[in-house]
Each structure stands twice: as structure tokens, then as C-alpha cells.
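# Tertiary structure, described
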Amino acid sequence: AAIVCSSLYVLSLNANVHIVSLNGSDNPLMRDEKIYQQTAQYLLKDSLTAKTKLTINTASFIRAMKARFPELSHVSVTLPLMGHRPIVEIASPAPVALLANEQNRLFVIDSQGRALLPANETNDIAARKLPTITDQSTTPVEIGQPVITAQDAGFIAEAIGQLRAKKLEVSSLVMPITANELHLKLNGLNYILKF
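These remarks concern the structure in this document. Residue numbering note: each chain is counted from 1, following its sequence as written. In keeping with the predicted nature of the model, local features appear solely for residues at pLDDT of at least 70, side-chain atom pairs appear and are counted solely at 80 or more, and the whole-chain, interface and lining totals rest on all residues. Side-chain metrics in this entry use all non-hydrogen atoms of the structure; hydrogen atoms and water are not considered.

### Comments concerning the sheet that holds strand β9 (residues 183–186)
Pairing between two strands requires that DSSP report at least two bridges joining them. Here a helix means four or more residues in a row that DSSP labels H or I, a strand means two or more in a row labelled E, and each is numbered from the N terminus. Read from one edge to the other, the open sheet built from seven strands follows the order β6-β5-β4-β7-β8-β9-β10, with strand pairing classed as mixed. Bordering the open sheet on either side are β6 (115–118) and β10 (192–194), each of which pairs with just one other strand. Direction aside, neighbouring strands of the sheet carry axes that sit 30 degrees apart on average. Across five bridges, the pairing between strand β4 (residues 95–100) and strand β5 (residues 106–110) is antiparallel. Residue pairing for β5: leucine 99 is matched across the bridge by phenylalanine 107. The contact definition used throughout considers only heavy atoms, calling two residues in contact when any of these lie within 4.5 Å. Here an angle of 0 to 180 degrees is reported between the N-to-C directions of two axes, which are lines fitted to C-alpha atoms, with helices fitted over the stretch in contact. The sheet strands contacting helix α5 (residues 150–165) are β4, β5, β7 (132–135), β8 (170–175) and β9, and the helix crosses β8 at an angle near 165 degrees.

Next comes the structure, spelled out in C-alpha cells:
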């Protein structure tokens with residue numbers, strides 16, 4: 001009886017997960033870590049199979065976390081050998097820009113051109129000093145889905161990086177309705193650069 005009780009105790013899990021960010025200090029997580037932790041705890045508490053190490057469905061948990069937080073590029077679960085607290089590792093890609101659509105809503109865009117999340121849901125968005133692209137097309141923005149191509153996102157990031165290296169400040173970036181165009185205006189100049 002003692003062996004069975006101790007085995008059940010060792011195999012039990014609690015929902016008080018430990019969140020570990022794989023992002024570096026140069027690319028902090030998009031949201032406060034507490035938000036990820038609260039959601040992870042809720043998902044584990046809500047699951048009947050998450051009570052023991054033998055029955056937990058980690059694949060289902062990972063899918064649920066990615067569905068709730070489309071900005072996460074990596075989610076993994078490690079079950080401790082002797083402990084009861086699951087370790088959840090998460091990572092999010094570095095944002096490239098903010099995209100303002102026709103309804104004046106801002107979305108964070110990654111290097112693949114995906115809309116990660118609305119800018120008002122991010123952690124310290126002003127400190128990231130991301131350029132804002134005004135999208136004049138009527139393309140609807142869906143969180144987790146591409147709104148521009150990865151090639152366009154890479155080009156924009158490269159252009160902004162080169163301009164900043166030359167100490168040139170961008171005052172506006174506009175993607176007109178015309179396909180494959182970018183209009184860029186620099187502070188102090190009265191003309192637009194068309195790419």
C-alpha cells in the first residue's frame with residue numbers, strides 16, 4: 001500500500017506550471033509572462049487527463065496554447081522526474097513592424113509577414129521602436145495568418161535597418177493598393193521613395 005501510494009504521489013501533477021522563456025533579452029516575450037502562466041494553469045486544471053504524468057496529453061496542451069497565443073513559435077512541456085510542476089518552454093519570433101489597416105487597428109508583424117497579435121495586447125510595444133506600415137489595401141487581417149509575404153517583411157526590415165544605420169529616420173511607410181509597392185518618407189525630406 002505504501003509503494004502504491006508513493007507511486008501515485010510521484011506520478012501526480014499540479015497545474016502550477018513553471019513558464020520558461022526561450023527568448024533573449026533583446027527579444028522579450030510579446031505578453032507578460034503571467035498571462036501565459038495563467039492560461040497554461042487554466043488548461044491543465046480544466047483537463048481530466050492532466051492530473052498524472054502518465055495520462056497528460058502534452059500534444060493537446062501545446063495545440064491549445066498555440067491556438068490561444070498565435071504569436072508563440074515554440075511551446076514544449078517537460079515533466080519533472082520527481083517534482084509535480086510541469087515546465088512549459090515558450091518562444092515568440094522577433095517582431096519586424098506594426099501594420100495599420102484601414103480601420104486604424106495596429107497589428108504586430110513578424111519576419112514571415114504573419115499578424116502575431118493586436119499591438120494593444122503586447123508587452124511594452126513602444127520600447128521596441130517598431131516602424132508602422134500603413135496598409136491601404138482592404139485585405140482583412142487574421143491573427144496568426146500572413147498579411148504580407150515573408151519576402152516583403154524581410155525587405156522592409158532590411159530597408160529600415162540600413163536607413164537606421166545611416167542615421168536616417170523614417171517618418172512614414174505606406175503600402176498602397178498597388179501590388180508590390182512600398183512608399184517611404186524620411187524626416188526632413190519633401191519627397192517619397194518608392195520601392
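Following the structure, the description resumes.
### Considering the packing of aromatic side chains
Stacked, tilted and edge-to-face pairs are distinguished by plane angle, under 30 degrees for stacked and over 60 for edge-to-face with tilted covering the rest, among Phe, Tyr and Trp rings (Trp via its six-membered ring) whose centres lie within 6.5 Å. In this structure the tally under the stated criterion is two aromatic pairs. Summarising the aromatic geometry, the rings of tyrosine 36 and phenylalanine 69 are spaced 4.7 Å apart at their centres and angled 65 degrees between planes, so their arrangement reads as edge-to-face. Of this pair, tyrosine 36 sits in helix α2 (residues 33–46) while phenylalanine 69 sits in the loop between α3 (58–68) and β2 (74–78), placing them 33 residues apart in sequence. Both residues of the pair, tyrosine 36 and phenylalanine 69, count as buried. Categorising residues by exposure relies on relative accessible area from a 1.4 Å probe, with only protein chains included: less than 20% of the type maximum marks a residue as buried, more than 50% marks it as exposed, and the intermediate range marks it as partly exposed.

### A closer look at the pairing of β7
Side chains Ile133 and Asp135 of β7 all project onto a buried face; the interleaved residues Thr132 and Thr134 project onto a face where none is buried. One ladder, built from three bridges, connects β7 with β8; its direction is parallel. Across the sheet, the residue bridging to threonine 134 is valine 174, located in β8.

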